[in-house]
Amino acid sequence: MAVWSQPSLIDTYSNRRIDSEFFGPKYIQTENLTRQCATDDLGRLGVFMPGPFGSAFHVKNYDFRSPFRYIRGKDVKPFFLLEDDNRYVPESVFYRLQSYAVGPDDLMISVVGTLGNVSICTTNDTPAIFSCKSTLFRTQKIDPYYLLAFLNCHYGSLCLLRRQRGAVQTGLNIEDLRTIPIPRFGSTVESRIAQDVRNAYQSLLYSKKNYAKAQQLLESELGLDKLSFQKPVAYTARFGEVVGNGRMDADYYQIKYKQLDDIAAKFPVKKIKTISEKLETGVYSKSYSADGRTYLRGIDINAGFIDGDSILRTKCLMVNPQNTVIKDDILVTRVGSIGVCAIIEDTFSGSFYSDNLIRIRLYDQAKKEISASYLNLLLNTTYGQMQMVRYSRGSVQQRLNQSQLAQIPLPIIRWERQFEIENLLKKHRQAKKESKHLLEQAKTRVVQLIEDAVKS
């Protein structure tokens, strides 16, 4: 049955909007529901600062040795700023644009591109300046962590998206953002919600700290932390190497790869084909459903684990041992961004996986000398990533097939070091899951408070 809304002339005049999307039923219902609570308009709670425009702000070069971060629109994600692909500007640029510097507890709202994401800046995110694709909100009249929880919950997100404008490229402007209704429930209740978000951030920091420790331990054990890649003008390969490797492409024999081989030679070495059962590719699914079996793709892999928020499900595939995964399997992307790897945890055991992924499954005997957690982290280090690029083929688009992946040599470090790495990674995952749980708890609590206020 069709659902529509019919705004009055007064509504269009007071909102200064005549576009039908703004008066969509879901938006009107959400805002009416929110305004049945005690509310303050966002503009009354603090000040906005637009991002800088114009050629004067154009950053031509980044300086990765600089401590001054540049926050792009794509870095603004729900709750906390993305830190996986940071950019830094030279000191001269930062001081020239100090008026666009962010401070602790400032909120960043993405206003172009991916609209309506809201992140909070912390002491770990400063010093930094921000781009024109986001706007800054600064407040001392409301706990910013509570405000962050509301703007990222279901009702807050709809209030943000309702205010988008534009046909070809939509965006948000400050005047519209000022009118967002913020439900108020008293400082005690709001502080409890805010504390969940603060605790979530601390758990996230602890998670990252343990992952960094695991990386440092592995790189130190292998000597990757002391590796400096040579850049010779020319290099040679013996005819015997060409025949033995079955490779005539020059890239395969670059000096940097020989340096990796020299590192591996200091340890017992196993090729992937000697420690894994048959390397299998997954299966393509033509359709998806809400309640089928989970279907894993390369896009669901994040920092060595399956972490996607939009994992698909399917009912159209027949389950068999070749197209499903079990705990401690490792999935590797074979086209596009090749070599992206993730280990399978209990949560996703039994899932289907895409035909663009290759499955590594350790033999029972191999598990006595190599931990799946160590192998996954190794493949995600500089060593593993470079080796997978080296063994791949293709000029226009690189591809990594099973036979190429099978040839990659793996240095086997001491078992006690592998055990330490595995424990650090367990702490990393537990803390990250705790962080996610606390954020969901904060959002759910805000939604419940709004709905309970309406019922009473």
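As a starting point, this report considers the structure included with it. (Residues numbered from 1 in each chain as written. Predicted model: local features only at pLDDT ≥ 70, side-chain atom pairs only at ≥ 80, totals over all residues. Heavy atoms only, no water.)

Regarding the sheet that holds strand S6 (residues 107-110)
- Reading across the sheet, the 5 strands line up as S2-S9-S6-S7-S4 and stay open at both edges, with mixed pairing between neighbours. For this open sheet the edge positions go to strand S2 (46-50) and strand S4 (79-80), each flanked by a neighbour on one side alone.
- Note: S6 against strand S9 (residues 134-139), 4 bridges, orientation antiparallel. The residue bridging Met108 from the neighbouring strand is Leu136, located in S9. (Pairing = 2+ DSSP bridges. Helix = DSSP H or I, 4+ residues; strand = E, 2+ residues; numbered from the N terminus.)

Structural notes on the sheet that holds strand S3 (residues 69-71)
- The strand order across the open sheet built from 3 strands is S5-S3-S8, with neighbouring strands paired in mixed fashion. The open sheet has two edge strands with one neighbour each: strand S5 (87-88) and strand S8 (128-130).
- As paired strands, S3 and S5 are joined by 2 bridges and run antiparallel to one another. From the neighbouring strand, Tyr70 faces S5, where its bridge partner is Arg87.

Overview of the environment of Ala194
- Relative to the helices and strands, Ala194 resides in helix H7 (residues 187-222).
- Remark: the alpha-carbon pair of Ala194 and Leu147, spanning 47 residues in sequence, is separated by 8.0 Å.
- For Ala194, the residues in contact, after removing those within four places along its chain, are Asp143, Tyr145 and Tyr146. (Contact = heavy atoms within 4.5 Å.)

Considering the packing of aromatic side chains
- Counted under the stated rule, the structure contains 8 aromatic pairs.
- Aromatic pair Phe68 and Tyr95: ring centres 5.6 Å apart, planes at 70 degrees, arrangement edge-to-face. With Phe68 in the loop between S2 and S3 and Tyr95 in helix H3 (residues 91-96), this pair connects stretches of sequence that are 27 residues apart.
- The exposure class assigned to Tyr95 is partly exposed, which follows from its relative accessible area of 42%.
- Arranged with centres 5.0 Å apart and planes meeting at 50 degrees, the rings of Phe80 and Tyr201 form a pair that is tilted. Of this pair, Phe80 sits in strand S4 while Tyr201 is found in helix H7, placing the two residues 121 residues apart along the sequence. Each member of the pair, Phe80 as well as Tyr201, carries the same accessibility label: buried.
- Three or more aromatic residues link up through ring pairs in this structure, and these residues are Phe68, Phe94 and Tyr95.
- The ring of Phe305 has Arg429 sitting right over it, with the charged end atom 4.3 Å from the ring centre. (Phe/Tyr/Trp six-rings, centres within 6.5 Å; stacked < 30°, edge-to-face > 60°. Buried < 20%, exposed > 50% of the residue type's maximum accessible area, 1.4 Å probe, protein only. Lys NZ or Arg CZ within 6 Å of the ring centre and 35° of its normal.)

Topic: helix H11 (residues 372-380)
- Along H11, 8 of the 9 residues are buried, which leaves the element largely enclosed by surrounding structure.
- For H11, the set of buried residues is Ala372, Ser373, Tyr374, Leu375, Asn376, Leu377, Leu378 and Leu379.
- Measuring from the backbone nitrogen of Ser373 back to the side-chain oxygen at the start of H11 gives 3.2 Å, which picks out Ser371 as the cap. (Polar contact = N/O pair within 3.5 Å; in protein donor to acceptor, adjacent residues only side chain to side chain.)

Let's talk about the packing of H7 against H11
- One can describe the packing of H7 onto H11 by two numbers: an axis separation of 11 Å at closest approach and a directional angle of 80 degrees. Our classification of the angle between H7 and H11 gives roughly perpendicular. The segment H7 lies against H11, with Tyr211, Ala214, Gln215, Leu218 and Leu222 engaging Tyr374, Leu377 and Leu378.
- In the contact of H7 with H11, the residues fall into 7 nonpolar, 1 polar and no charged. (Axes fitted to C-alpha atoms, helices over the stretch in contact; angles between N-to-C directions. Parallel < 35°, antiparallel > 145°, perpendicular 65-115°, else oblique. Nonpolar A, V, L, I, M, F, W, Y, C, P; charged D, E, K, R; others polar.)

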